[in-house]
Amino acid sequence: MPHGTAAASGIKGPPLGNGKSRSTTERHASMTIAKSQKITAWEDVAAAVRNFRLAALLGWQDVAQRYRRSTVGAFWLTINMGVLIGALGLIFGTIFRSPMSEFLPFICVGLIVWGYYSQLINEGCLSFISNTETMLQLPLPFFTYVLRTWWRNSIILFHNLVIFPVVLLIFGKFINFNALLVIPAFLLVSLNLLWMMTFLSVICTRYRDLTQIIQNIMQVGLYVTPIMWQPHQLPTDKSILILDFNPFYHLISVIREPLLGGTGTLLNWGVVVVMAIVGWTIALLFLNRFRSRVTYWL
Amino acid sequence: MTSMILENVTVDFPIYNAKSRSLKNQVISLATGGTIGSNAEGHVVIRGLEAINLSLKDGDRLGLIGHNGSGKTTLLRVMSGVYYPSGGQISINGKCTSLINISLGIDPEATGRENIRIRGALLGFTRREMAEKQAEIEEFSELGNFLDMPVRTFSTGMQLRLAFSISTVIQPEILIMDEWLAAGDERFQHKANERLHELVNKTKILIIASHSKELLVKNCTRIVWLEHGKIKMEGDAETVSDAYFGHQ
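Residues numbered from 1 in each chain as written. Chains lettered and ligands numbered in written order. Predicted model: local features only at pLDDT ≥ 70, side-chain atom pairs only at ≥ 80, totals over all residues.

1. Things to note about the overall build of chain A
Along the backbone of chain A there are 14 helices and 0 strands. Traced from its N-terminal end to its C-terminal end, chain A shows the element sequence α-α-α-α-α-α-α-α-α-α-α-α-α-α. Each of the 298 residues in chain A was classed as buried or not, and the buried ones make up 35%. Long-range pairs, those at least 24 residues apart, make up 78% of the contacts in chain A between residues at least 6 apart in sequence. (Helix = DSSP H or I, 4+ residues; strand = E, 2+ residues; numbered from the N terminus. Buried ≥ 20, exposed ≤ 12 C-beta atoms within 10 Å, placed from the backbone. Contact = placed C-beta atoms within 7 Å.)

2. Describing the overall build of chain B
If you tally the helices and strands in chain B, you get 8 helices and 9 strands. Sorting the 248 residues of chain B into buried and exposed places 41% on the buried side. Sequence-distant contacts in chain B: of pairs separated by 6 or more residues, those separated by 24 or more amount to 72%.

3. Concerning the sheet that holds strand 4 (residues 87-93) of chain B
All names here are of chain B. Strand order in the open sheet formed by 3 strands is 2-1-4, with antiparallel pairing between adjacent strands. Since the sheet does not close on itself, it has two edges, and those belong to strand 2 (44-57) and strand 4, each with one partner. The mean angle between the axes of side-by-side strands here comes to 25°, regardless of whether they run parallel or antiparallel. The pairing of strand 1 (residues 3-15) with strand 4 spans 6 bridges and is antiparallel. Counted as the bridge partner of Met4 is Ile92 from strand 4. Lying over the sheet, helix 2 (residues 72-79) contacts strand 1, strand 2 and strand 4, oriented at roughly 60° with respect to strand 2. (Pairing = 2+ DSSP bridges. Axes fitted to C-alpha atoms, helices over the stretch in contact; angles between N-to-C directions.)

4. Concerning the sheet that holds strand 5 (residues 96-99) of chain B
Residue and element names in this part refer to chain B. Strand order in the open sheet formed by 6 strands is 5-6-7-3-8-9, with mixed pairing between adjacent strands. Strand pairing shows two members of the sheet lacking a second neighbour, strand 5 and strand 9 (230-236), which therefore form its edges. Direction aside, the axes of adjacent strands within the sheet are offset by 15° on average. Those strands touched by helix 8 (residues 237-247) are strand 3 (61-65), strand 8 (222-227) and strand 9, and its axis lies near 135° from that of strand 9.

5. Side note on helix 4 (residues 127-141) of chain B
The α-helix advances 3.6 residues per turn, and as a result positions three or four apart in sequence lie on the same side. All names here are of chain B. With 15 residues, helix 4 ought to run about 21 Å at 1.5 Å a step, and its terminal C-alpha atoms sit 20 Å apart, in line with that. Maximal helix bending in helix 4 amounts to about 40°, located at Lys133. Here helix 4 has its buried residues at Glu129, Ile137, Phe140 and Ser141. Positioned one or two residues after helix 4, Glu142 has a phi angle of 55°, which is positive. (Expected span 1.5 Å × (residues − 1). Bend = angle between axes of the 7 residues up to and from the residue.)

6. Comments concerning the confidence of the model for chain B
Residue and element names in this part refer to chain B. On average, residues of chain B carry a pLDDT of 84, and 89% of them reach 70 or more. For residues 31-37, every residue scores under 50 in pLDDT, and the model assigns this stretch 2 contacts once sequence neighbours within four places are set aside. Across the whole predicted complex the pTM is 0.86, and at the interface the ipTM reaches 0.85. (pLDDT = per-residue confidence, 0-100.)

7. Topic: helix 5 (residues 75-95) of chain A
All names here are of chain A. The end-to-end C-alpha distance of helix 5 is 30 Å, a good match for the 30 Å that 21 residues give at a rise of 1.5 Å each. All buried positions along helix 5 are accounted for by Met81, Ile85 and Gly89. Seen from one end, helix 5 has its buried residues packed into an arc of 65°, which puts them on one side. Opposite the buried face of helix 5, by more than 90 degrees, sit the exposed residues Trp76, Asn80, Val83, Ala87, Ile91, Thr94 and Ile95. The secondary structure elements touched by the buried residues of helix 5 are helix 6 (100-125), helix 8 (143-160) and helix 9 (163-170). Looking one or two residues beyond helix 5, the residue adopting positive phi is Arg97, at roughly 50°. (Arc of directions from axis to C-beta.)

8. Notes on the nonpolar core
In this structure, A:Ile107, A:Cys108, A:Tyr117, A:Ile255, B:Ile176 and B:Ile207 are the most contacted members of the largest nonpolar core, which totals 125 residues. Leave out the neighbours within four places in its chain, and A:Cys108 touches A:Ile85, A:Gly89, A:Ile163, A:Phe164 and A:Val167. (Core = buried A, V, L, I, M, F, W, Y, C linked by C-beta atoms within 7 Å.)

9. Examining the pairing of strand 6 (residues 174-178) of chain B
All names here are of chain B. Within strand 6, 4 of the 5 residues are buried, leaving the element largely enclosed by the surrounding structure. Where strand 6 meets strand 7 (residues 205-209), 5 bridges bridge the pair, whose relative direction is parallel. Within the sheet, the bridge partner assigned to Met177 lies in strand 7 and is Ile208. Read from strand 6 through helix 6 (residues 186-202) to strand 7, the crossover connection turns out right-handed. (Right-handed = clockwise from strand over helix to strand, strands pointing away.)

Now the structure itself:
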């Protein structure tokens, strides 16, 4: 359609002058249009992704709020995280008699990434509930609210990541080329967390106490997932049961291993990929089934 | 062609008391067997709207009247695409904007300018459109240097002015309002009224819920009187408003 290409070139070109006439015909092309038929889950997700700017703006505002009354802003969270890593690293490293130069970077990445996952899951449960007012007034795609939660926490993750190079520097260590694997890993991990959040946001809106149960699970998850202890410290015959059946072990490993110089096992990557595909299929079917009911549950 | 057609639209609200809202209780009640008297799905249902048939086309100005709880807000939400009817059909052709709560999305910690951006994005403006509109909004609000201050430092009137200025730069084809918007002191109110009239005149379909007879008669061509979620009376503005306000 020639119309679409014209619009695309209009964005690049310097514009206001000749963009004027175009912009009147296309004015509010993105304005929230109520659909005549049921909006399917894929339409919802696609529309939210297309208008990612809105989710990013809202998510950014959530972080910016932390900066408004304090110069340190979101870095307060980073300071907290740094203290936690230092304290837990020293204690558990001593208990396990692990060399600090190996253990501290390990627990550092683990805690930062786990913090990100558990915040995403916990806040993901509330994605719709905390946007009740907006949802009852504007027919925005629901996935926008999930993306908002994801984006806000991703910004905080990037704040926290500054701790890692500091820890490496202290021990005179460096990352190697394997570290580049964190880019695909982050994408895959995000895909996984987004489907989990989508699923949870729907079901937690209906069953309000589920949020508490999930929080509980995530709290236990911190201890059963190898974050404060290393996988090789487990007796080998038990490790399959404890590690391989824990999806968060794989989600953590694909990010942690490359940063520590390894690659992660094929199983780690395989599980993460398969889980993304299966998970999204289920989450989309689920959202599709209940989408039109969600606003009634708010 | 802008239009909105409602066929047999019915809205049922499921009422979840603390009991049925909890997963734990559902699991337990499953174990003990049997649900306590309610509908097939196992919970109380309140009918918000029942079999609403309406057809709006280009140029229609529809007023909604009815007592509190008669279903006005529910109907406005169905029309703005927030509630998907639990029964019947609605088809909406046209860009639809609802100005039910203009202060929605205003962040008190953010500055006036930042709020213009947030609210603008919520209303569906692209970055480019926003850049075009920014100056117009700032000028209309007459907030001057206060635009760089956090909104929490604004007086209530100033906050409303800001919200009003942002919300009314839209040009929807279908405009949904709950009561006529009012903002600011007398002088600003005058200006705001003018802008709102302009907006209303430009939109192809207007839907407004109100308790003011004068307003409804002045702005609407048709009025629907809702009672207990059903249409009690429908007709031209004079007749229906006379009947409604007369019966009170």
